[in-house]
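Below are the chains, spelled out letter by letter.
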Amino acid sequence: MPVIRTLSQVVRRMLLSPACDCRTSVVPTRFLGFSPRQIPADANFHSISVTETDHPCVLITGGLGQLGVGLANFLRKRFGKDNVILSDIRKPPNHIFHSGPFIYSDILDYKNLREIVVNNRITWLFHYSALLSAVGEANVSLARDVNITGLHNVLDVATEHNLRLFVPSTIGAFGPTSPRNPTPDLCIQRPRTIYGVSKVHAELMGEYYHYRYGLDFRCLRYPGIISADSQPGGGTTDYAVQIFHDATKNGKFECNLKPNTRLPMMYIDDCLRATLEVMEAPEKSLSMRTYNINAMSFTPKELAQEVLKHVPEFQITYNVDAVRQAIADSWPMNFDDSNARKDWGWKHDFDLPELVTTMLNFHGSDTGLPKLTENIKWKSACNLDSCQGKMIKFFML
Ligand code: SER
């Protein structure tokens, strides 16, 4: 390998290296590792590395959203309860506050973020603060602040303190001019939502910081995520969560997307496992820094048919929301995640039948009802009207 002597030579090498192939890149990115916040290069921010301790010290931002608590529980099993800090600007409910470390963090306040990272010797950061697609369209300026300005703070603090940084991206990072079935990792990305624009920005900025400053940035494009014990907030794919609440509560569901709207989806257990797997993957296995991940792809009609197998009296009606429908129509119908499967061995566990059984089982078990099996149908398991009061828990969080 030739010796690199000057900054201009380094920059030239960086720009010429393949856009997404860090295995073949020979650029010594640490050479450029002064802080983007103009802190002196000799400040030695890189003195604590992930490898210094046996396990990472983890911070999760936006911890009270759909995925944060599940991720914290998942990571705590692996790294120990006290090594995973959940954070948010909102006050946590009792059960979350008492289940492990929780602190206030505001990603728009850089000094607050830095203090948390320093005081807790954070080594891994999962950045989950974001406004989702539908709610973002209703609050563009807030979405811009949280999803873009907030990301800048996170990138800077992660670079200064040599963190491994995970930022979720999404099917929403694609738009109507992207190939939709399937959508590959690398293709045109011209999203039409502030959410999508901010996520493309996050992908590009993260990759830029990786090549420019050596930031260990890792990013997965999530499909719509379906979780049993937490509610999403303001997403276009949320119907696929709400349907289980409504099917078990009163046997019917009004869908805000058209029956044949096909979108990629994933059960939360697969999503959390993929997230940990990409974070633990050896650097040399990552040919890219942003990967599609996929599990299944279905329409509201297909999902309803699967629910109907277990809840024979289930009824779905359609009352289309024009904003959400336009968003969904511009998104991938199917995700090509072959690079994730090839590079770090991604493999999903849950397809549509397992997803539906698991979700209905979860809801059924919370009511104290017998678990659903292929042979115990919902109708025989309970009188739906009589168990409605016990369903309230699912609508909180
Ligand atoms: N679940 C997100 C949304 O619908 C997409 O990633 O906004």
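Residues numbered from 1 in each chain as written. Predicted model: local features only at pLDDT ≥ 70, side-chain atom pairs only at ≥ 80, totals over all residues. Heavy atoms only, no water.

Named according to an unreviewed UniProt entry, the protein chain is L-threonine 3-dehydrogenase, mitochondrial originating from Orycteropus afer afer. A UniProt comment under Catalytic activity (unreviewed entry) is attached to the protein chain, and it reads "L-threonine + NAD(+) = (2S)-2-amino-3-oxobutanoate + NADH + H(+)". According to its UniProt record, the protein chain has this under Function (unreviewed entry): "Catalyzes the NAD(+)-dependent oxidation of L-threonine to 2-amino-3-ketobutyrate, mediating L-threonine catabolism." (UniProt positions renumbered as here; feature names shortened; annotations may be inferred.)

Undergrad: Explain the packing of aromatic side chains to me, and be specific about the residues and the numbers.
TA: Under the defined criterion, the tally for this structure stands at 11 aromatic pairs. Measuring from centroid to centroid gives 5.5 Å for Phe79 and Trp124, while their planes differ by 80°, and the two rings are edge-to-face. Separated by 45 residues along the polypeptide, Phe79 in helix 2 (residues 68-79) and Trp124 in strand 4 (residues 124-127) bring together distant segments of the chain. Of the two residues examined, Phe79 and Trp124, each falls in the buried class. Of the aromatic side chains, those joined through ring pairs into one cluster are Phe79, Trp124, Phe126, Tyr128, Phe166 and Tyr222. (Phe/Tyr/Trp six-rings, centres within 6.5 Å; stacked < 30°, edge-to-face > 60°. Helix = DSSP H or I, 4+ residues; strand = E, 2+ residues; numbered from the N terminus. Buried < 20%, exposed > 50% of the residue type's maximum accessible area, 1.4 Å probe, protein only.)

Undergrad: Lay out the packing of helix 4 (residues 110-119) against helix 6 (residues 140-160) in plain terms, naming residues and giving numbers.
TA: Two elements in contact, helix 4 and helix 6, have axes separated by 10 Å at closest approach and are oriented at 35°. When the axes of helix 4 and helix 6 are compared, the crossing they make is right-handed. Facing Tyr110, Leu113, Arg114 and Val117 of helix 4, the residues of helix 6 in contact are Asn153, Val154, Asp156, Val157 and Glu160. Considering only residue class, the contact of helix 4 with helix 6 consists of five nonpolar, one polar and three charged. (Axes fitted to C-alpha atoms, helices over the stretch in contact; angles between N-to-C directions. Left-handed = near helix turned anticlockwise from the far one by under 90°. Contact = heavy atoms within 4.5 Å. Nonpolar A, V, L, I, M, F, W, Y, C, P; charged D, E, K, R; others polar.)

Undergrad: How would you summarise the site of the ligand if you had to cite specific residues and measurements?
TA: Taken together, Leu132, Ser133, Thr170, Tyr195, Gly235, Thr236, Thr237 and Trp331 make up all the residues around the ligand. With respect to the ligand, the side chain of Ser133 contributes an N or O atom lying 2.6 Å from an oxygen atom. Note that an oxygen atom of the ligand is positioned 3.1 Å from one of the side-chain N or O atoms of Tyr195. Protein chains bury 94% of the 240 Å² of accessible surface belonging to the ligand in isolation. Across the shell around the ligand, the residue classes tally to three nonpolar, five polar and no charged. (Near = heavy atom within 4 Å. Polar contact = N/O pair within 3.5 Å; in protein donor to acceptor, adjacent residues only side chain to side chain. Areas by Shrake-Rupley, 256 points an atom, 1.4 Å probe, with all protein chains shown as cover.)

Undergrad: Lay out the sheet that holds strand 9 (residues 263-267) in plain terms, naming residues and giving numbers.
TA: A sheet is described by the order of its strands in space; here three strands give the open sequence 7-9-11, paired in mixed fashion. Here the strands that pair on one side only, and so sit at the sheet edges, are strand 7 (224-226) and strand 11 (296-298). Between one strand axis and the next, the sheet turns by 45° as a mean value, whatever way the strands run. Where strand 7 and strand 9 come together, three bridges link them in parallel fashion. Each residue of the ladder has a partner; that of Ile225, found in strand 9, is Met266. (Pairing = 2+ DSSP bridges.)

Undergrad: If you had to explain the sheet that holds strand 4 to someone new, which residues and values would you point to?
TA: Taken together, seven strands build an open sheet; the order of strands is 3-2-1-4-5-6-10 and the sheet is parallel. The outermost strands of the open sheet, each flanked by one partner alone, are strand 3 (102-104) and strand 10 (290-292). The average angle at which neighbouring strand axes cross in this sheet is 20°, direction not considered. Taken together, the seven bridges between strand 5 (residues 164-170) and strand 6 (residues 216-222) define a ladder with parallel strand orientation. Bridge pairing in strand 6 places Leu165 opposite Phe217. Here helix 2 sits on the sheet and contacts strand 1 (58-61), strand 2 (84-88) and strand 4; the angle it forms with strand 2, its principal contact strand, is near 165°. Sheet contacts for helix 9 (residues 268-280): strand 4, strand 5 and strand 6; angle to strand 6, the most-contacted strand, approximately 155°.

Undergrad: Give a description of the pattern of salt bridges that names residues and reports values.
TA: When charged atoms on two side chains of opposite charge get close, those side chains can pair. One pass over the full model with this rule turns up 17 salt bridges. Among the ionic pairs, Asp88 bridges to Arg90, the shortest N-O distance being 3.6 Å. Overall, the relative accessible area of 6% leaves Asp88 in the buried class. Relative accessible area serves as the criterion here: at 47%, Arg90 is assigned to the partly exposed category. (Salt bridge = Lys/Arg side-chain N within 4 Å of Asp/Glu carboxyl O.)

Undergrad: Could you give an account of the environment of Arg114, with specific residues and numbers?
TA: Assignment of secondary structure puts Arg114 in helix 4. Accessibility expressed as a relative area gives 25% for Arg114, which makes it partly exposed. Spatially, the C-alpha atoms of Arg114 and Ala158 are 9.0 Å apart, while their sequence positions differ by 44 residues.

Undergrad: Describe the nonpolar core, listing the residues and the values that go with them.
TA: Counting 69 residues, the largest nonpolar core has Ile60, Phe298, Leu303 and Trp344 as the members making the most contacts within it. Here the element with the most residues in this core is helix 9; it accounts for seven residues. In this structure Ile60 touches Gly68, Leu71, Ala72, Leu75, Val84, Ile85, Leu86, Ser87, Phe126 and Tyr128, once residues within four positions along its chain are discounted. (Core = buried A, V, L, I, M, F, W, Y, C linked by side-chain atoms within 4.5 Å.)

Undergrad: Tell me about empty space enclosed by the protein, and please be specific about residues and values.
TA: For the structure on display, the rule yields two cavities of 30 Å³ or more. Taken as a whole, the largest cavity spans an internal volume of roughly 40 Å³. In terms of lining, the largest cavity is formed by His127, Ser129, Ala130, Val146, Asn147, Leu151, Val167, Lys199 and Ala202. Broken down by secondary-structure element, the contributors of at least two residues to the lining of the largest cavity are helix 6 and helix 7 (194-213). The element that contributes the greatest number of residues to the lining of the largest cavity is helix 6, accounting for three residues. In the lining of the largest cavity, the residues fall into five nonpolar, three polar and one charged. (1 Å grid on protein atoms, 1.4 Å probe; cavity = no way out; pocket = protein on both sides within 12 Å on 5 of 7 lines; lining within 4 Å. Points joined across faces, edges and corners; volume = space filled by probe spheres on them.)

Undergrad: A description of helix 2 should follow, citing residues and the corresponding values.
TA: The terminal C-alpha atoms of helix 2, which comprises 12 residues, lie 16 Å apart, in line with the 16 Å expected from a rise of 1.5 Å per residue. Three or more residues of helix 2 are buried, namely Gly68, Leu71, Ala72, Leu75, Arg76 and Phe79. The buried side chains of helix 2 occupy one side of the element, clustering within an arc of 130° when seen end-on. Looking at the buried side of helix 2, the elements it contacts are strand 1, strand 2, strand 4 and helix 9. Where helix 2 terminates, the next one or two residues include Gly80, which has phi positive at roughly 100°. (Expected span 1.5 Å × (residues − 1). Arc of directions from axis to C-beta.)

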